[in-house]
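Observations on chain architecture
Residue-level listing of the chains:
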Amino acid sequence: MKISKRLRVIGDLVKDNSFILDIGCDHALLDIYVVKNKKNIKAIASDINEKPLKIARENIKKYDAKNIKITKKDGLESYEEGVDTIILSGLGSKTIVSILKKDKDILTKIDKLIISSNNDYLFLRKSICDLGFKIEEEQIIIDKNKYYPIIVFTKGKEKYNSFELKYGPVLLKNKDKVFKDYLKLNKKKLLKIYNSLGNKYFLKKFKIKKEIKLIDKA
């Protein structure tokens, strides 16, 4: 079956013997990929819209995928006893954090979050760490000319500085080629902003210059 690079990487981060809840599952291609490529997987594919769920049911039948339950519910309302991994991808960071905060009690039963947001990664990392998780693994990919950090959170506590929260502590440690290109792109954007600001924006320019120095160091 053909799925995007981003979905494939997310799926590969799921461990054997997991019970996953995929919130905002769209057409359930991720869930089908996981049950077909990992051992002993149970999955709940959840979405609030009927149209993608109709296609999801067709895809499950087409690929003869087992152990996937389709539910039309909002966020963590789809949780069932035994779910240990939650996947949230293709949404903005504010939406993701809002979904998780709405049912914080359920998060105490979850071992792992696999998150792929479209924006505001500092806010995302900080907010989820504040909910009692730490960053276990990170990967960054390019899919359709856009960079996507994919983050695995597990239960625990770890301190991170603001630069690590923005760019990712594991990504900064591993420094693969895609991540280096991502840093270069961010530096280019920051320089453009810096050069467009007048002298009255001294404080903002100072902060941008500081971040550029950290990127150079990284």
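Residues numbered from 1 in each chain as written. Predicted model: local features only at pLDDT ≥ 70, side-chain atom pairs only at ≥ 80, totals over all residues. Heavy atoms only, no water.

Things to note about the packing of aromatic side chains
Think of a pair of aromatic rings as described by two things: how far the centres are apart, and how the planes are tilted against each other in angle. What counts, and what does not: Note on aromatic pairs: the rings of Phe, Tyr and Trp (six-membered ring only in Trp) are paired at centre separations within 6.5 Å, and the planes decide the class, stacked below 30 degrees, edge-to-face beyond 60, tilted for the rest. Helix and strand assignments follow DSSP, with helices taken as H or I runs no shorter than four residues and strands as E runs no shorter than two, numbered in order from the N terminus. Each residue's exposure class comes from its accessible area (1.4 Å probe, protein chains only) as a fraction of the maximum for that residue type: buried when under 20%, exposed when over 50%, partly exposed otherwise.
Summed over the entire model, instances satisfying the criterion amount to four aromatic pairs. Between Phe163 and Tyr167, the ring centres sit 4.9 Å apart and the planes meet at 50°, which makes this aromatic pair tilted. Of the two residues, Phe163 and Tyr167 both sit in helix 7 (residues 162-167), four residues apart, roughly one turn of that helix. Tyr167 carries the same exposure label as Phe163, and that label is buried. Aromatic side chains Tyr167 and Tyr182 sit 6.3 Å apart centroid to centroid with 70° between the ring planes, which places their arrangement in the edge-to-face category. Linking Tyr167 in helix 7 with Tyr182 in helix 9 (residues 177-196), this pair joins segments that are 15 residues apart in sequence. Tyr182 matches Tyr167 in its accessibility class, with the two residues each being buried. A connected cluster of aromatic rings, assembled from ring pairs, spans Tyr147, Phe163, Tyr167, Phe179 and Tyr182.

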